[in-house]
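# Summary of structural features
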Amino acid sequence: MRKFRLMVLPFALILLAAACAADEGDGQQEEESADTGSVSLFAAMEPFEAEALQAVLDDLVNSETDYTAEIEASADFEEQAQIRVEGGNPPDVIMYPQPGAVLEQAEAGNAIALEDMGFDIAELEATFGSYLLSLGEFDGKHYGIPTNINLKSTVWYAKDDFDAAGYQVPTTFDEMLTLSDQIVADGGTPWCVGFESGGATGWPATDWMEDIMLRTAGPGVYDQWVTHEIPFNDPAVAHAAELLGQVMFTEGYVLGGADQTPSIAFGDAPLPMFDDPPGCFMHRQANFIIAFFPEDAEAGVDYDSFAFPAIEQPGESALFAGELSAVFRDAPEVRDFIERFVSQPVQCAQGESQETSRISPNIEVGPECYTNPLLAQAAGVLTESLAADTARFDASDLMPSAVGAGSFWTGMVEYMQGGPDALQGVLDDIEASWPE
């Protein structure tokens, strides 16, 4: 979910030109002004992330236009976004972490198609890449603009303590479990885990499931899972959940125990890694978690990362997510804002902010834009996986929201609190919740 950012895709994109629509009157076209009014944005961010992004907008957008772009963030983003849309008063732009939600708004006739706003889809496909753009396609039109992407298949670790203990970075899932056993034997705790996220509590657990599913069942079966060509309680899904349970339920592996993870805020979860001595040694989370690390934590010194390791499938797989922005008001200032927001200067400035840790999908945003070298490193991991066709978008974000942003989240909470014996019932309940 808070799922946001990966740079330099081989096919990725800067949003180029969208001509402002012109009004037709008695045979004459009158140019609309793009410098009027305001533009409201709604996003799934922490308050400090939104403040940092607002500072970028104030500096590079609002200072150059007569309109004002303002971003609002909410911990209850999913519920609030739906309430506002259904209430007939949506924000101008909603920055959805779930492409599935964009498609639902398109089907309901709420979101505005890029074609209807005057965007050239061929140009967008040439700059965004057809795969990313296709995530927001419904009934032959496109409704989602990729505004950032992020690599999820990452394990962060306390590098200084790791090195002092002589631990080696694992390259397979079995090696990672063996390392966890060694840390426990040495008197430490291998993992910090937190799944609390307001109304979205449970989404970090679905990411664990997706990483494991991709590495056990493979991309083809993963795709079938996303589209419900196999049921949610299929043996392949159960197998992935059981491997997740090996990490969560093995005694001593998780700080506080698996049953406490739904009450630990996902942004607070990695902080014990930086204690002296460390409260844990490893934490699995997307690249944006850097924004939650202590301000004085130094990449490559206090912490480092490695790719979530292989399990049963050959090659390196990568789970990634992103943000599709959907438009709910077609106006000159909204179109102008979109063009500016995805431009190189604005996207680069976001990469320079430690508070946002947003990775741009704009191909013109190079590694020099990022204050943290690990963000640039994340780009390489995903690029290689995309080239090998082993990269896949976050499954829960592609599933119908009743599942991906509903029963899947709550089901993972039930699994953590109920233990291994709860698994079959959880999978059966999620399967039963899938919309007809």
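Let us look at the structure shown here. In this text, all values refer to a predicted model and were calculated from it rather than measured experimentally. (Residues numbered from 1 in each chain as written. Predicted model: local features only at pLDDT ≥ 70, side-chain atom pairs only at ≥ 80, totals over all residues. Heavy atoms only, no water.)

This brings us to the overall build of the chain. When helices and strands are counted, the chain shows 16 helices and 13 strands. When burial is assessed residue by residue, the chain has 57% of its 436 residues classed as buried. For the chain, the proportion of contacts with a sequence separation of at least 24, taken over those separated by at least 6, is 79%. About 16200 Å² of surface is accessible on the chain, with carbon and sulfur atoms providing 48% of the total. (Helix = DSSP H or I, 4+ residues; strand = E, 2+ residues; numbered from the N terminus. Buried < 20%, exposed > 50% of the residue type's maximum accessible area, 1.4 Å probe, protein only. Contact = heavy atoms within 4.5 Å. Areas by Shrake-Rupley, 256 points an atom, 1.4 Å probe, with all protein chains shown as cover.)

A separate point is the pairing of strand S9 (residues 154-157). Here S9 shows no split at all, with Thr154 and Trp156 on one side and Val155 and Tyr157 on the other all buried. Relative to strand S11 (residues 304-307), S9 runs antiparallel, the two sharing 4 bridges. When the bridges of S11 are listed, Thr154 appears paired with Ala307. Here S9 pairs with strand S10 (residues 282-284) via 3 bridges, running antiparallel. Bridging from a neighbouring strand, Val155 pairs with Arg284 of S10. (Pairing = 2+ DSSP bridges.)

Next up on the list: helix H11 (residues 332-341). Here H11 lies mainly inside the structure; 8 of its 10 residues are buried. For H11, every residue scored as buried is listed here: Pro332, Glu333, Val334, Arg335, Asp336, Phe337, Ile338 and Phe341.

The volume enclosed by the largest pocket comes to roughly 240 Å³. If you trace the largest pocket, you find 13 residues lining it, with Asp223, Val226, Thr227, Leu398 and Met399 closest to the centre. The element that contributes the greatest number of residues to the lining of the largest pocket is helix H9 (residues 218-226), accounting for 3 residues. Its residues assigned to classes, the lining of the largest pocket shows 9 nonpolar, 1 polar and 3 charged. (1 Å grid on protein atoms, 1.4 Å probe; cavity = no way out; pocket = protein on both sides within 12 Å on 5 of 7 lines; lining within 4 Å. Points joined across faces, edges and corners; volume = space filled by probe spheres on them. Nonpolar A, V, L, I, M, F, W, Y, C, P; charged D, E, K, R; others polar.)

Applying the stated rule across the entire model yields 2 disulfides. With a sulfur-sulfur separation of 1.9 Å, Cys192 is cross-linked through a disulfide to Cys280. Its S-S torsion of about -105 degrees marks the bond between Cys192 and Cys280 as left-handed, since a negative value means left-handed. A residue pair is termed long-range when its members are at least 10 positions apart, and Cys192 in the loop between helix H7 (173-185) and helix H8 (203-216) and Cys280 in the loop between helix H10 (235-249) and S10 qualify at 88 residues. Cys192 gets classed as buried once you look at its relative accessible area, which sits at 2%. A relative accessible area of 0% places Cys280 in the buried class. With cysteine numbering restricted to those in disulfides and following the sequence, the chain has the pairing 1-2, 3-4. (Disulfide = S-S within 2.5 Å.)

On to the side chain of Ser153, then. Tracing the chain through its elements places Ser153 in the loop between strand S8 (145-151) and S9. Residues within four places of Ser153 in sequence aside, it is in contact with Asp211, Arg215, Arg284, Phe306, Ala307, Phe308, Ser317, Ala318 and Leu319.

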